[in-house]
Structures are given as structure tokens and as C-alpha cells.
There are 2 protein chains.
Amino acid sequence: MKNRVITISREFGSGGRTIGKKVAEQLGIPCYDSELIQKIAEESGFDAKFVQEAGEYAPGGFLSNLSSRTFGPTNEDYLWKIQYQIISRLAGQGPCVIVGRCADYILREHPNCLNVFVHADKAARIQRIVGLGHCEERKAPDFVTKKDKQRANYYNFYSNNRWDDLQNYDLTIDTSRFTVDQAVDMIIDAAQKLDTK
Amino acid sequence: MKNRVITISREFGSGGRTIGKKVAEQLGIPCYDSELIQKIAEESGFDAKFVQEAGEYAPGGFLSNLSSRTFGPTNEDYLWKIQYQIISRLAGQGPCVIVGRCADYILREHPNCLNVFVHADKAARIQRIVGLGHCEERKAPDFVTKKDKQRANYYNFYSNNRWDDLQNYDLTIDTSRFTVDQAVDMIIDAAQKLDTK
């Protein structure tokens, strides 16, 4: 596979992280998800927990992002810069899978990216996160909505694109219709098709 | 294939119609596109040309649609009703491919639909329609934009959903990244996956 980088953006609870790991395993290439957080934490000096939250989730909306910038770049801006550099460097090193973190946008000039967005209906996502023990059932609907909003705000703020705009992606898959393994197959197949095009 | 109906919504010039025909050919099932227009024309009494334009393209935006309704349903509303009935009936008859015409929305309660959206970047779409002789090169950019806007307005008005919202679709494919035949394979593979899930 020609230096193919596969970016997987995903709605919260849609199984995107698991799918990313399995794609990478089957292709025998690295998957950057928690590994990426660790790298960013090391290079930025921030705590890994801060990197995990602030590097993908905007705490407020557009206005809160703007207001705190009255006095110059925020910690989040610094983190974005480091994240941008690390993702660009990793993508230059060879084939890999990168989950989340606006990688599709950061690598928009990379010639061999396959950009995938994974989503699912809310009921399926709630069932998934409750089943995995990530959240109590009664809190799950609000939790899913909040996480998606934060991911969208973060992406929309730093990229000036819209997170859930299908135009950003070569392929989008609704994982409430397909199993995780089927989605993995579809992504690998798409990546191989790009190589033989 | 279990009474599988494949709906293909598409940006103008993205190759969706050709892809739909090829999917149907390979699966040995009917493809309703111009055939659908003919059926609607026969049952409604409208001219096929009017059906082709008014059954998928809103001439104006939301306001123009509203204003003409001051005096009751318009011809377009009547056409929508006929189109709705015919698409529902055809989908009940057996496996088929339906291109455009809000079929994904009309069939939202159908248990065996695969809803696909096909899109491509504007340059690729312009190249395609000019190559096929559908439009002069100098007029192509505006033509593509206008057609997309009209399709979106039509869909958004009658469905209350957003035409290009990835949440409506099980699969979206960027045909500026894949060949027509690759997209055909991806759609057939997805349909078969739903059957074996």
C-alpha cells in the first residue's frame, strides 16, 4: 500500500476507534489514537489527560473560543500547533491510521489520504457506550450529544470546515447499518481501490 | 438479494446516474431513472419534460415555494404526491435501484434500503459534464452550482431533511477519488454486506 494514510473521523460512540484499530491491525500499519495523545503530551509538556480533552473537544462554542483569545493564543492554540506538527510528521513517515484530531483537515494536502467519517444513529451509539460501560444509561443521551457538539466545535473552529460535512470525506459509513468488521472491510477495500486506480 | 432497494442520491455531474445503472445491471435488477420519469408522466398526465424538471428541481428557494401555495397545492405538490406513491409501489415490488427523486426519504420506513449519496469535487464534475457534452465549458461552473441548489431546495422543501446531510445515508462516496466501476463495486459490496449481517 503506497504510503496510504487513513484518517477516521467519528461521531462519539459510533465505533470509529475500534474500527481504526482493526483496520490498522489488518493492514499491519500503526494506528495513532492513544499513542498520538502520548506523543503530543510528551512534546508539548501538557498532561496526557489535558491533551485528550483539549486536543479534540472545545469546552464551549465559537464565542468562548474567541473571548479567551483577547490576551493572545490559548493553551488550546498551542496544543493545536503541536498536534498539527506531529500529525503531519507521522503521515510523512509511512502508512498509518489516524483516529480523530482533525487529521483529515491537517493532512488536506497529503496526496495519499483516505478520509473516512463514521457515524451511527443516536440509539445505536447510546447502546454501544452503555454496553461498553462508558456511561450510565440515563446520562447517555446528553453525554453523546455533548461529546459530538464539542468535537464539532473544535473541528469547526480550527479548520474553518464543518466537521460533519460529507464533502470532507472520501467515504462515510453508517455503523448502525453495518457491523464493525464490515466497516473495517469497506475501509480497507476503499484504500486498496485508491492504490489500483 | 433480499428485496434490497438501493437509492442513489447524487450531486450533479458526479456520475450517480451511470453508477446506478451499472449497479442495477450487475445485480440484474431494474434501475428507475428515466423509466421512473416516464411512469410518473403517464400516471400524472404531466409532460415527461415537466416531470423531469419539476420532480427534482425546485425553481426557487423556500420562499418561492411557499408564496405560490397561498392559493392551495401547486402542480409540483401534486407531482410530489404521485412520485411518492410510484416510488413506494416500485420499492414494494422487489429489488431495484432508484436514482434521485428523494427516494431515500420517501422510503425511510422501508426495511431493506441501502441509501447512498454520490458526490465529487466541483472541478471533477465540471470536467465530466463538459466531456459528456452536457454543457459548454464556460457555462459549466454556474450550471453545476445551479443544479445542485435546485436539487437541494427540492429535497429540503419536501423532506424537511437536508439533502447533503450525511446522516441520511448509509454510505457516501466521493467519485473524484474513485472510478465509476470502483464506486459500483463499493455499492454492491455494501448491499451484499447488509444481506449477510
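Shown above is the structure to which this text applies.
Read on for a plain summary of the structure. Bear in mind that the values here come from a model prediction, so they are computed numbers and not experimental data. (Residues numbered from 1 in each chain as written. Chains lettered and ligands numbered in written order. Predicted model: local features only at pLDDT ≥ 70, side-chain atom pairs only at ≥ 80, totals over all residues. Heavy atoms only, no water.)

Some remarks on the pairing of strand β4 (residues 113-119) of chain A
Residue and element names in this part refer to chain A. Most of β4 is tucked away, with seven of its seven residues classed as buried. Across the two faces of β4 the burial is the same, with Cys113, Asn115, Phe117 and His119 and Leu114, Val116 and Val118 all buried. Pairing between strand β1 (residues 5-10) and β4: six bridges, direction parallel. Bridge pairing in β4 links Ser9 to Phe117. Alignment of β4 against strand β5 (residues 171-174), held across four bridges, turns out to be parallel. Looking at β5, one finds that His119 is bridged to Asp174. (Buried < 20%, exposed > 50% of the residue type's maximum accessible area, 1.4 Å probe, protein only. Helix = DSSP H or I, 4+ residues; strand = E, 2+ residues; numbered from the N terminus. Pairing = 2+ DSSP bridges.)

Overview of the pairing of strand β3 (residues 96-99) of chain B
All names here are of chain B. Across the two faces of β3 the burial is the same, with Cys96 and Ile98 and Val97 and Val99 all buried. Of the pairings in the sheet, the one linking strand β1 (residues 5-10) to β3 comprises four bridges and is parallel in character. Counterpart to Thr7 in the pairing with β3 is Ile98. With two bridges connecting them, strand β2 (residues 31-32) and β3 associate as parallel partners. Bridging across to β3, Tyr32 finds its partner in Ile98.

Section: the environment of Gly55(A)
Within the element layout of this structure, Gly55(A) appears in the loop between α3 (48-54) and α4 (62-67). Each C-alpha atom of the pair Gly55(A) and Leu79(A) lies 6.5 Å from the other, and the pair is 24 residues apart in sequence.

Overview of the nonpolar core
Ranked by internal contacts, the top residues of the largest apolar core, which has 66 residues, are Leu36(A), Ile98(A), Leu107(A), Leu36(B), Ile98(B) and Leu107(B). Residues Leu114(A), Ala190(A), Ala183(B) and Met186(B) belong to the second largest nonpolar core, which totals 46 residues. (Core = buried A, V, L, I, M, F, W, Y, C linked by side-chain atoms within 4.5 Å.)

Overview of the relation of the copies chain B and chain A
Comparison of the two chain copies shows a relationship of rotation about an axis with a shift along it. Rotating chain B by 180 degrees and moving it 0.0 Å along the rotation axis overlays it on chain A with an RMSD of 0.0 Å. The superposition of one copy onto the other is thereby described by a two-fold rotation axis. Scanning chain B for the C-alpha nearest the rotation axis identifies Thr172(B), at a separation of 2.5 Å. (Least-squares fit on C-alpha atoms with pLDDT ≥ 70 in both.)

Some details on the packing of aromatic side chains
Residues and elements named next belong to chain A. Here the structure, examined in full by the defined rule, presents 20 aromatic pairs over all chains. Summarising the aromatic geometry, the rings of Trp80 and Tyr84 are spaced 5.6 Å apart at their centres and angled 75 degrees between planes, so their arrangement reads as edge-to-face. One end of the pair is Trp80 and the other is Tyr84, both in helix α5 (residues 75-93) and four residues apart, which spans about a single turn. Classification of Tyr84 by relative accessible area gives partly exposed; the value is 27%. (Phe/Tyr/Trp six-rings, centres within 6.5 Å; stacked < 30°, edge-to-face > 60°.)

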